[in-house]
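Now for the letters of each chain:
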Amino acid sequence: MTTSDEHRTKSPWLPPRWFIRFAWAVHRGLFRGSGGRIGLSRPRGNKYGMLRLTATGRRSGQPRSVILGYFEDGPNLVSMAMNGWGEPEPAWWLNLQANPDATVELVDGRRAVRGRAATGDERTRLWARWREIDRHLDGYAARRPSETAVVVLEPRPDASGT
């Protein structure tokens, strides 16, 4: 095995799954408890921002919300369907695939969006941008049994965003 192969296959450290889930629960609690004043942020430089996505539950038909990391790509918002780098696809991504129309809450307000997976050259370009933000991206993604979707949230011109 060459040095580059070792670098590529070595997984970076992650906290235990229970801790990741607990941290996200605390984040959601801070968001709710503050009436949305704490918990969202804009991306800046090589740091991702935080948004709140609300999609329709694929089984329940009810609104389901989650806080996600994102960066901006022109008018689009880009996130990763990673589920804390655990094996299963995140429920929000499964919901978005079943019903791509959703809303996002950002620091400066709400937007109506339509979600889709990036493919081809677009996926390669957006993955490279995430790699600039998180140097451990490839190592984290290697922990998952399936490819991690790069999710593009495009503005919906036919909706007001409320």
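Treat the numbers as computed from the prediction; the structure is a model and nothing was measured.

Scoring rules and cut-offs
Residues numbered from 1 in each chain as written. Predicted model: local features only at pLDDT ≥ 70, side-chain atom pairs only at ≥ 80, totals over all residues. Heavy atoms only, no water. Helix = DSSP H or I, 4+ residues; strand = E, 2+ residues; numbered from the N terminus. Buried < 20%, exposed > 50% of the residue type's maximum accessible area, 1.4 Å probe, protein only. Areas by Shrake-Rupley, 256 points an atom, 1.4 Å probe, with all protein chains shown as cover. Expected span 1.5 Å × (residues − 1). Arc of directions from axis to C-beta. Contact = heavy atoms within 4.5 Å. Patch = residues over 30% accessible without salt bridge, like charges linked within 9 Å, V, L, I, M, F, W, Y side chains within 5 Å. Salt bridge = Lys/Arg side-chain N within 4 Å of Asp/Glu carboxyl O. Lys, Arg positive; Asp, Glu negative; His and termini not counted. Charge placed at Lys NZ, Arg CZ, Asp CG, Glu CD. pLDDT = per-residue confidence, 0-100. Core = buried A, V, L, I, M, F, W, Y, C linked by side-chain atoms within 4.5 Å. Pairing = 2+ DSSP bridges.

Draft legend 1. Spotlight on the overall build of the protein. Counting secondary structure elements, the protein contains five helices and six strands. Reading the protein from its N terminus to its C terminus gives the helix and strand order α-α-β-β-β-α-β-β-α-α-β. Within the protein, buried positions represent 38% of all 162 residues. Put simply, the protein shows about 9,700 Å² of open surface, and 51% of that area lies on carbon and sulfur atoms.

Draft legend 2. Structural context of helix H4 (residues 120-133). An ideal rise of 1.5 Å per residue puts 20 Å on 14 residues; H4 measures up with 20 Å between its terminal C-alpha atoms. Taken residue by residue, H4 has Arg 123, Leu 126, Trp 127, Trp 130 and Ile 133 as its buried positions. One face of H4 carries all of its buried residues, which in axial projection span an arc of 105°. For H4, the exposed residues lying more than 90 degrees away from the buried face are Asp 121 and Thr 124. Taken together, the buried residues of H4 touch strand E2 (63-73), strand E3 (76-81), helix H5 (137-141) and strand E6 (149-155).

Draft legend 3. Expanded view of the side chain of Asn 95. Along the chain, Asn 95 turns up in helix H3 (residues 91-98). The exposure class of Asn 95 is buried, given its relative accessible area of 6%. The residues contacting Asn 95, other than those within four sequence positions of it, are Ala 55, Thr 56, Gly 57, Arg 58 and Arg 64.

Draft legend 4. How the structure looks around a positive patch on the surface. A contiguous patch of positive charge, built from Arg 17, Arg 21, Arg 28 and Arg 32, is present on the exposed surface. Looking at where Arg 28 falls in the secondary structure, it is placed in helix H2 (residues 17-33).

Draft legend 5. Summary view of a nonpolar patch on the surface. Side chains of Trp 18, Phe 22, Val 26, Leu 30 and Ile 38 sit close together on the surface and give an oily, nonpolar patch of about 540 Å² of accessible area. Assignment of secondary structure puts Leu 30 in helix H2.

Draft legend 6. A look at the confidence of the model for the protein. Mean pLDDT for the protein: 85, with 85% of residues reaching 70 or above. Every residue in residues 1-8 is under pLDDT 50, and counting partners more than four places away or in other chains gives two contacts.

Draft legend 7. Layout of the nonpolar core. Core analysis: the largest hydrophobic core is formed by 17 residues, its most contacted members being Leu 51, Leu 53, Trp 92, Leu 96, Val 104, Val 151 and Leu 153. For this core, the elements supplying multiple residues, two or more each, are strand E1 (49-56), E2, E3, H3, strand E4 (101-106) and E6. The contact partners of Leu 153, leaving out residues within four places of it in the chain, are Leu 51, Leu 53, Asn 76, Leu 77, Leu 96, Val 104, Val 113, Arg 114 and Gly 115. Counting twelve residues, the second-largest nonpolar core is a separate cluster that includes Met 80, Ile 133, Ala 141 and Val 152.

Draft legend 8. Fine view of the pairing of strand E5 (residues 109-117). Note: E4 against E5, six bridges, orientation antiparallel. Bridging from a neighbouring strand, Thr 103 pairs with Ala 112 of E5. Counted between consecutive antiparallel strands, the loop separating E4 from E5 contains two residues. As defined by bridge partners, E5 adjoins E6 across five bridges and the pair is classed as antiparallel.

Draft legend 9. Spatial organisation of the pattern of salt bridges. Taken as a whole, this structure holds eleven salt bridges when the rule is applied. Between Arg 114 and Asp 101 there is a salt bridge, with its nearest N and O atoms 2.6 Å apart. Of the two residues, Arg 114 is situated in strand E5 and Asp 101 in strand E4; the sequence distance between them amounts to 13 residues. For Arg 114, a relative accessible area of 33% translates into the label partly exposed. Salt-bridge contacts for Arg 129 lead to Glu 132; the nearest nitrogen and oxygen are separated by 3.0 Å. With Arg 129 and Glu 132 both in helix H4, this residue pair falls three residues apart, about one helical turn. Bridged by salt links that share partners, the residues Arg 52, Glu 105 and Arg 110 form one connected network.

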